[in-house]
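The residues making up each chain are set out below.
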Number of protein chains: 2
Amino acid sequence: MPSPEPEMEIVHLLRAVTVELGLHSARFASRHGMHPTDVRALIALMDARRADEEMTAGRLGAALGLNSAGTTALVDRLERAGHVRRVRAEEDRRKVLIEVDERAVELGQAFFGPLIGRVVELVRGYDEREVAAIRGFLGEVREAAGEADRPAR
Amino acid sequence: MPSPEPEMEIVHLLRAVTVELGLHSARFASRHGMHPTDVRALIALMDARRADEEMTAGRLGAALGLNSAGTTALVDRLERAGHVRRVRAEEDRRKVLIEVDERAVELGQAFFGPLIGRVVELVRGYDEREVAAIRGFLGEVREAAGEADRPAR
DNA sequence: CCCTATTATCTCGCTGAGCGAGATACTCGC
DNA sequence: GCGAGTATCTCGCTCAGCGAGATAATAGGG
């Protein structure tokens, strides 16, 4: 066994964090009778909401890696549970806008709020340069993971 | 809308990273005709391997949040694909040890290697104190996510 | 030792998420 | 207003994961 590089500790920690966060979402899902995909969908929808972007059925499916049939089923499920509403887009009536219900937002905040608050608290414990390092690192990892397909740059 | 706290940027980045890494695993899965759960299982198995711990069917299922029936089906799938072997434990012959095939390890390294290498490279770009901050932050987040259930401490 | 309780895994039958193929509804350029 | 293109939906199917219960092995009290 080759002597392990010390940088690998960060790699393993990173993976452990994603696993742990995934399990946390799964707890939210099962507690509310939802499936992991539904939670991912709600998160994507709330992201769009925060960025003030309209979310259509198609864009949602693409973000989650579903095909159109699966997307329809997903939205059906969320709509049946009262978490979202379908609204025909006025400019292009082929599109279906998906709007998150206020109650679903509150549900999410009630569950994820404590964890988010804890992370905010953690961040406050670091000085400016340390926070910059954390922010830079996370941003670069996101970048790297998104582009990790094509072998060449 | 209340003025957003600046610490929230880190929270959103963190979530974006987990989403991106999740999609990356999903690409690995679909490229090799596997399901997301199978990839999570292989990761858990390789983790155990690195830590020199034996992994049984039961422990694997628990780590992934599957019940016994689902776990059996999962191991069947992985075994059929040649990624793992079932081995009866000698000390307690009720247990079934799951061993990862060397070829599956190589498959994973071939796919995740570039991304891991990129992250190692990134880490090298930070000085000691910055790396300590990143490591500390990730460790604390993992902790927080794992304990985020019980409201009181 | 045997008998019972306990633990680990597997089998069976079922539900439902997500897929491929193709239908339907709407838009846009000609 | 017709044909090509785009967004979503419908249908039928496959298979991941669940609940219930069977099977196999161990542990302990008598």
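Right, let's walk through the structure included here. (Residues numbered from 1 in each chain as written. Chains lettered and ligands numbered in written order. Predicted model: local features only at pLDDT ≥ 70, side-chain atom pairs only at ≥ 80, totals over all residues. Heavy atoms only, no water.)

Turning next to the overall build of chain A. Summing up its helical and strand segments, chain A has 6 helices and 2 strands in all. Starting at the N terminus, the α and β elements of chain A follow one another as α-α-α-α-β-β-α-α. Here chain A has a C-alpha radius of gyration of 19 Å; the compact-globule value for 153 residues is 15 Å, and the former is much larger. Burial analysis of chain A (153 residues in total) assigns 40% to the buried set. By sequence separation, contacts in chain A at least 24 residues apart represent 49% of the contacts at least 6 residues apart. Carbon and sulfur atoms provide 52% of the accessible area of chain A, an area that totals close to 8800 Å². For chain A, the separation between the mean place of its 23 positive charges and that of its 26 negative charges on side chains is 5 Å. (Helix = DSSP H or I, 4+ residues; strand = E, 2+ residues; numbered from the N terminus. Rg over C-alpha atoms; globule rule 2.2 N^0.38 Å. Buried < 20%, exposed > 50% of the residue type's maximum accessible area, 1.4 Å probe, protein only. Contact = heavy atoms within 4.5 Å. Areas by Shrake-Rupley, 256 points an atom, 1.4 Å probe, with all protein chains shown as cover. Lys, Arg positive; Asp, Glu negative; His and termini not counted. Charge placed at Lys NZ, Arg CZ, Asp CG, Glu CD.)

For these two chains of identical sequence, chain B goes onto chain A by a turn of 180° and a shift of 0.0 Å along the axis, with RMSD 0.1 Å. Taken together, the rotation and translation describe the operation of a two-fold axis. Both copies share a contact surface, since 100% of the interface residues of chain B are interface residues in chain A too. (Least-squares fit on C-alpha atoms with pLDDT ≥ 70 in both.)

What follows concerns the protein's contact with DNA strand C. Taken together, 20 residues surround DNA strand C, and among them T37 and R94 of chain A together with G58, S68 and R86 of chain B come closest. A breakdown of the atoms of DNA strand C within 4 Å of the protein gives sugar and phosphate a share of 67%. R93 of chain A places a polar main-chain atom, nitrogen or oxygen, 3.2 Å from a phosphate oxygen of DNA strand C. Between a phosphate oxygen of DNA strand C and a main-chain N or O atom of G58 of chain B, the distance comes to 2.6 Å. At the level of secondary structure, the elements contributing two or more residues to the surface near DNA strand C comprise α4 (68–80) of chain A together with α3 (57–64) and α4 (68–80) of chain B. Its residues assigned to classes, the surface near DNA strand C comprises 5 nonpolar, 8 polar and 7 charged. (Near = heavy atom within 4 Å. Polar contact = N/O pair within 3.5 Å; in protein donor to acceptor, adjacent residues only side chain to side chain. Nonpolar A, V, L, I, M, F, W, Y, C, P; charged D, E, K, R; others polar.)

Attention now moves to the protein's contact with DNA strand D. Every one of the 20 residues lining DNA strand D counts as a neighbour, but G58, S68 and R86 of chain A together with T37 and A69 of chain B are closest to it. Among all atoms of DNA strand D positioned within 4 Å of the protein, those belonging to sugar or phosphate total 64%. The separation between a phosphate oxygen of DNA strand D and a polar side-chain atom of T72 of chain A is 3.4 Å. V96 of chain A is positioned with one of its backbone polar atoms (N or O) 3.0 Å from a phosphate oxygen of DNA strand D. By residue class, the composition of the surface near DNA strand D is 5 nonpolar, 8 polar and 7 charged.

Residue and element names in this part refer to chain A. The first and last C-alpha atoms of helix α2 (residues 36–50) sit 21 Å apart over 15 residues, in line with the 21 Å expected at 1.5 Å per residue. For α2, the set of buried residues is D38, V39, A41, L42, A44, L45 and A48. Turning to α2, the residues buried within the fold contact α1 (8–31), α3 (57–64), α4, β1 (84–88) and β2 (96–100). Positive phi appears at D52, one or two residues downstream of α2, with a value of about 60°. (Expected span 1.5 Å × (residues − 1).)

Attention now goes to the interface of chain B and chain A. For interface size, the figure often reported is the accessible area lost on association. The interface of chain B with chain A comprises 52 residues on the first partner and 52 residues on the second. Both faces combined, the contact of chain B with chain A buries some 5300 Å², and carbon together with sulfur accounts for 70% of it. Linking chain B with chain A are 10 salt bridges, by the criterion used here. Note that E7 of chain B and R124 of chain A form a salt bridge whose closest N and O atoms lie 3.0 Å from each other. Between the two partners, chain B and chain A, sit 16 residue pairs in polar contact (both at pLDDT 80 or more). Looking at the side of chain B that touches chain A, the elements with two or more residues in it are α1 (8–31), α2 (36–50), α5 (102–124) and α6 (128–147) of chain B. (Buried area = accessible area lost by both parts, 1.4 Å probe. Salt bridge = Lys/Arg side-chain N within 4 Å of Asp/Glu carboxyl O.)

What is shown is where atoms sit, not what they do.
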